[in-house]
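Secondary and tertiary structure notes
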Amino acid sequence: MPSHLFADRSAQPPEPGSVDALISQTRRLRGDVDAVRRDTVVDDDAQGRWQRALCDLAVHHLDDLGRHLGQLKEGLPPAPEPVDHPQTTHGASAGPDGEHRRTRVGTAEWNLLTDEVSWSDELFQIFGRPPGSGPLPLDELGSTLFSEDQPLLTAWVTACLVDGRPIDGEFRIVRADGRVRTLHMRGEPVLDADGCTASLWAVLRDVSELRRSRRAVTASHDTLQLRQEIARTEHRLAVELQEAVLPPWRGSLRPHPGTPDTLDVAAHYLPSATRDLIGGDWYDSLELPDGRAMLTVGNLTGHGVSATSGMAMMLGALRGMAMAGIEPGPLMGWLNQLLESSVQPALGSAVCCSYDAARRVVSWAQAGHPAPLLFRGGTGRSLRPPEGVLLGARSGAAYGQAEEHLLPGDVLVLHTDGLTARGPDFGRADGTERLLALAPRFPAARTAQDCLRLVIEEFGEGEREDGACLLVARVGG
């Protein structure tokens, strides 16, 4: 638990240099404590054994601190609120004296010759045992342990008493009040004058909170890695789906075979500045069976696989209805109904144009979307939009339809919101004015691709907070 001296400091990422300095200080302090431990004479003196045990615990603390600082330097995520292990649920409850917030150390000695047992006051508190009930004999200590930990303690005690091996391990106990605690035990045999084991002396440390924090750090790191892997997979799927639905499009449409007019079309997707936000923007151009041509751009709210899959669904439905001869206005009504009935609720905006080359007339409808821009003779203007609300915003909404006569050399520009809306201080109107300001440069452009290039140069590839679609159509003659 962090010291109260630091409780009012805001959580700030540590500077790399400060972490390196702390690691160096920890290593120096660890070496100093280790030197003191080596110089401590144990013999049969209880005070010496106590000092040696305290040095061992200090070395363990410093080793833990060194590992945590190393993880901090590597950039591991901060530990979340403590998460209880399934086996230590009861141990997380807080007592009135706040004892779970302190790591306590207690000592014990079991005399094998007289069966006398001596516990420190701290050890009684760790085990939740009233001093009046007396300390536990060595053969009864295992009764407080988890059943799976009992063989470990038995093996450690046997190896210590028979072979003289020191005890250094952890086990879990269940206190009388039902709380589960994790204890770290360091013990060693005390020999008599003949070199035989006379007693077992041990230091027990309550490390429950330390182990719980360590599990939380490990769990948070594993969770973060899993989330990052899932995010990478979803991003890859979203990109692949978008690329499959929106291939680079450039070419000429000849809606009415035998007519001299063609519709030169070029389209492009402009990614967001981070390139991580894959949204539901679309564009499309299609020759229809009745001799007309369909042009459309639109977008759905959201990002990721759900947005791109929804976009693919909407674009597929739009293509099917356009091929069936449905006019842009009614088509928007059907798209609105489709979005209302989809499993994943979302809002969308779209514009759909149907161009009749024989009459040089474009019929179009919109759903809460920026109107197409018409450029003619070095000037530009926005087409007056018919009635239309966002897709999925209102059940049974009606969508109007408008017509515009075009001339050879006219340029239509269709785009999604992301092209012009770049922040709170830069709205749709400002972006539209920037687009219309390109009008004097369009007459020199010989193809739709040239016009598209002018727009991309003006708005740049990395200036948007969100992705955007752009479609340019130029009337031939």
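Described below are features of the structure shown in this document.

Criteria and cut-off values
- Residues numbered from 1 in each chain as written.
- Predicted model: local features only at pLDDT ≥ 70, side-chain atom pairs only at ≥ 80, totals over all residues.
- Heavy atoms only, no water.
- Pairing = 2+ DSSP bridges.
- Helix = DSSP H or I, 4+ residues; strand = E, 2+ residues; numbered from the N terminus.
- Axes fitted to C-alpha atoms, helices over the stretch in contact; angles between N-to-C directions.
- Contact = heavy atoms within 4.5 Å.
- Expected span 1.5 Å × (residues − 1).
- Buried < 20%, exposed > 50% of the residue type's maximum accessible area, 1.4 Å probe, protein only.
- Arc of directions from axis to C-beta.
- Left-handed = near helix turned anticlockwise from the far one by under 90°.
- Nonpolar A, V, L, I, M, F, W, Y, C, P; charged D, E, K, R; others polar.

Digging into the sheet that holds strand S2 (residues 117–119)
Strands sit in the order S2-S1-S5-S4-S3 across an open sheet of five strands; the sheet is antiparallel. In this open sheet, the two strands that pair with only one neighbour each are S2 and strand S3 (167–174). Going across the sheet, the axis of each strand differs from the next one's by a mean of 25 degrees, ignoring polarity. In this structure, S3 lies alongside strand S4 (residues 180–191), joined through eight bridges in antiparallel fashion. Residue pairing across strands places Asp168 opposite Arg186, the latter belonging to S4. Its contacts with the sheet put helix H5 (residues 150–163) on S3, S4 and strand S5 (197–206), and the angle it makes with S3 is roughly 145 degrees.

Notes on H5
Each α-helix winds once per 3.6 residues, and so residues spaced three or four apart point in a common direction. Between the first and last C-alpha of H5 there are 19 Å, a value that for 14 residues agrees with the 20 Å anticipated at 1.5 Å per step. For H5, the complete set of buried residues consists of Leu153, Val157, Ala159 and Cys160. When H5 is viewed along its axis, its buried side chains cluster within an angular range of 160 degrees and face the same direction. Of the exposed residues in H5, those oriented more than 90 degrees away from the buried face are Pro151, Thr154, Val162 and Asp163. Backbone geometry just after H5 places Gly164 at a positive phi near 75 degrees.

Points about unusual backbone geometry
The backbone of Asp115 sits at a positive phi, close to 60 degrees, despite the residue not being glycine. In this structure, Asp115 sits in the loop between strand S1 (105–111) and S2. Backbone geometry places Arg360, a non-glycine residue, at a positive phi of 55 degrees. Locating Arg360 in the fold gives a position in the loop between strand S10 (348–356) and strand S11 (361–367). Its relative accessible area of 26% is what places Arg360 among the partly exposed residues.

Here's the deal with the packing of helix H7 (residues 305–323) against helix H8 (residues 328–340)
Any two packed helices are characterised by the angle at which their axes cross and by the distance between the axes. With their axes 10 Å apart at the nearest point, H7 and H8 run at an angle of 145 degrees to one another. In this structure, H7 crosses over H8, and the sense of that crossing is right-handed. Where H7 abuts H8, its residues Met313, Met314, Ala317, Leu318, Met321 and Ala322 lie against Leu331, Trp334, Leu335, Leu338 and Leu339. Among the residues making up the contact of H7 with H8, the classes are represented as eleven nonpolar, no polar and no charged.

Thoughts on the sheet that holds S11
Adjacent strands of a sheet form backbone hydrogen bonds with each other and so pair up, either parallel or antiparallel. Reading across from one edge, S8-S9-S10-S11-S14 is the order of the five strands in this open sheet, with antiparallel pairing throughout. Of all strands in the sheet, those with a lone pairing partner are strand S8 (279–287) and strand S14 (402–405), marking the two edges. The mean inter-strand angle of the sheet, taken between neighbouring strand axes irrespective of direction, is 15 degrees. When S11 meets S14, the two strands line up antiparallel, connected through four bridges. Residue pairing for S14: Trp364 is matched across the bridge by Ala402.

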